[in-house]
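Descriptive analysis of the structure
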Amino acid sequence: MTQLGLPDGIQACLFDLDGVVTKTAVVHAAAWKETFDAFLRDYQGERGRPFDPVADYDEYVDGRPRADGVRAFLDSRGIHLPEGTPGDPPDTPTVHGLGNRKNVLLLERIRTGGVEAYEGTLRYLAAVRAGGLRTAIVSSSANCRDVLRSVGAEHFFDVRIDGVVAADRHLPGKPHPDTFLAAARDLGVEPRRAAVFEDALAGMDAGRAGGFGYVVGVDRAGQTDALYAHGASVVVKDLAELGGKR
């Protein structure tokens, strides 16, 4: 293993944003809960049970593109909505409308509460860059660039594959590996020479499916066993545990 806690031969590091670089996972969970709970008030019994910001978030929406998260969660309740279009207003009763409502609430929370980065991750990123490894940010968020800029972290990454880029390139989101594979291609690195850093179960699945050389699970929510079950090579609570002190 290298000083960075990675196997020899790793040439690039591919980082998720929410929950790995920034402390925004809890903000996403709160926005999803507000969105779904308001929607579910029209339903009775099990279908109308409030959204669980831990179990439901981890299982159905964490790490996925917004529309995919809406579909996955509603499917778990036996609820089906029309797809609509990406431009649907946030009060439209469609998959995209519900997803857009969540984004409005998310941006409100970010504006009022701000965004913080994980200091251990920033130190690790600095060490990765000093060590000559190439880097990419890989996120399903369409707000990725703005969030990185808000915490002064955009300069850490050579490549950005986010919700905007994925839509332009027609890349399916996590748990499919396509966004991570696109990042590796843009960096000119084979997947087996790249390490994935993720906190979401869908991200673990993507790392495993893509044949990446090392998959680091970042446990911010007490789900170490689940991260290993979904393909993590190693699980840490903070990237500072991997080393990287230079």
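Scroll up to find the structure this text is about.
The structure contained in this document is the topic of the report that follows. Being a predicted model, the structure only gives us computed values, none of them experimental. (Residues numbered from 1 in each chain as written. Predicted model: local features only at pLDDT ≥ 70, side-chain atom pairs only at ≥ 80, totals over all residues. Heavy atoms only, no water.)

**Some remarks on the overall build of the chain**
Counting secondary structure elements, the chain contains 10 helices and six strands. Compactness check: the chain gives a C-alpha radius of gyration of 18 Å against a globular reference of 18 Å for 246 residues, within 12% of the reference. By principal-axis analysis of the C-alpha atoms, the chain measures approximately 55 × 35 × 30 Å. Classification of the 246 residues of the chain by burial places 53% in the buried group. Counted over contacts in the chain with a minimum sequence separation of 6, partners at least 24 positions apart contribute 61%. A total of about 10,800 Å² of accessible surface is found on the chain, and carbon and sulfur atoms cover 50% of it. Separation of charge centres in the chain, based on 29 positive and 35 negative side chains, amounts to 4 Å. (Helix = DSSP H or I, 4+ residues; strand = E, 2+ residues; numbered from the N terminus. Rg over C-alpha atoms; globule rule 2.2 N^0.38 Å. Buried < 20%, exposed > 50% of the residue type's maximum accessible area, 1.4 Å probe, protein only. Contact = heavy atoms within 4.5 Å. Areas by Shrake-Rupley, 256 points an atom, 1.4 Å probe, with all protein chains shown as cover. Lys, Arg positive; Asp, Glu negative; His and termini not counted. Charge placed at Lys NZ, Arg CZ, Asp CG, Glu CD.)

**Considerations on empty space enclosed by the protein**
Under the counting rule described, the total for this entry stands at one cavity of 30 Å³ or more. For the largest cavity, the calculated volume is near 190 Å³. Elements supplying a minimum of two residues to the lining of the largest cavity: helix 1 (25-40), helix 2 (55-61) and helix 4 (95-113). It is helix 4 that provides the largest number of residues to the lining of the largest cavity, a total of three residues. For the lining of the largest cavity, the class distribution of residues is seven nonpolar, seven polar and eight charged. (1 Å grid on protein atoms, 1.4 Å probe; cavity = no way out; pocket = protein on both sides within 12 Å on 5 of 7 lines; lining within 4 Å. Points joined across faces, edges and corners; volume = space filled by probe spheres on them. Nonpolar A, V, L, I, M, F, W, Y, C, P; charged D, E, K, R; others polar.)

**Focus on the sheet that holds strand 6 (residues 234-236)**
Pairing is parallel across the open sheet formed by six strands, whose spatial order is 3-2-1-4-5-6. Two strands in the sheet have a free side with no partner beyond their single neighbour: strand 3 (159-161) and strand 6. The mean inter-strand angle of the sheet, taken between neighbouring strand axes irrespective of direction, is 20 degrees. As paired strands, strand 1 (residues 12-15) and strand 4 (residues 194-198) are joined by four bridges and run parallel to one another. (Pairing = 2+ DSSP bridges. Axes fitted to C-alpha atoms, helices over the stretch in contact; angles between N-to-C directions.)

**Remarks on the packing of aromatic side chains**
In this structure the tally under the stated criterion is 10 aromatic pairs. Three or more aromatic residues joined by ring pairs form one cluster here, namely W32, F36, F51, Y60 and F73. A cation over a ring is seen here: R220 above Y118, with NZ or CZ 3.5 Å from the ring centre. (Phe/Tyr/Trp six-rings, centres within 6.5 Å; stacked < 30°, edge-to-face > 60°. Lys NZ or Arg CZ within 6 Å of the ring centre and 35° of its normal.)

**Some details on the layout of surface pockets**
Size it by volume and the largest pocket reaches roughly 560 Å³. Along its surface, the largest pocket is lined by 23 residues, and P65, R66, A67, G163 and A167 are the ones closest to its centre. Those elements that place two or more of their residues in the lining of the largest pocket are helix 3 (66-76), helix 4 and helix 7 (163-169). Of the residues that constitute the lining of the largest pocket, the class distribution is 10 nonpolar, eight polar and five charged. Every residue lining the second largest pocket is counted, 15 residues in all, and those nearest its centre are A25, V26, Y57, R220 and A221.

**Examining the side chain of D58**
Turning to its location among the elements, D58 is positioned in helix 2. Despite being buried, D58 has no salt bridge partner; R64 is the closest side chain of opposite charge, sitting 10 Å away. Sequence-distant contacts of D58, defined by excluding residues within four places in its chain, comprise L201 and Q223. (Salt bridge = Lys/Arg side-chain N within 4 Å of Asp/Glu carboxyl O.)

**So, the pattern of salt bridges**
A full pass over the atoms with the stated rule returns 18 salt bridges. Measuring nitrogen to oxygen at the nearest pair gives 2.6 Å for the salt bridge that ties D68 to R71. A residue pair is termed a helical-turn pair when its members lie 3 or 4 positions apart in one helix, as D68 and R71 do in helix 3 at three residues. In this structure, E154 and R149 form a salt bridge, with 2.9 Å as the shortest nitrogen-oxygen distance. What makes E154 partly exposed here is its relative accessible area of 30%. One continuous salt-bridge network, built from bridges that share partners, spans D16, K174 and E198.

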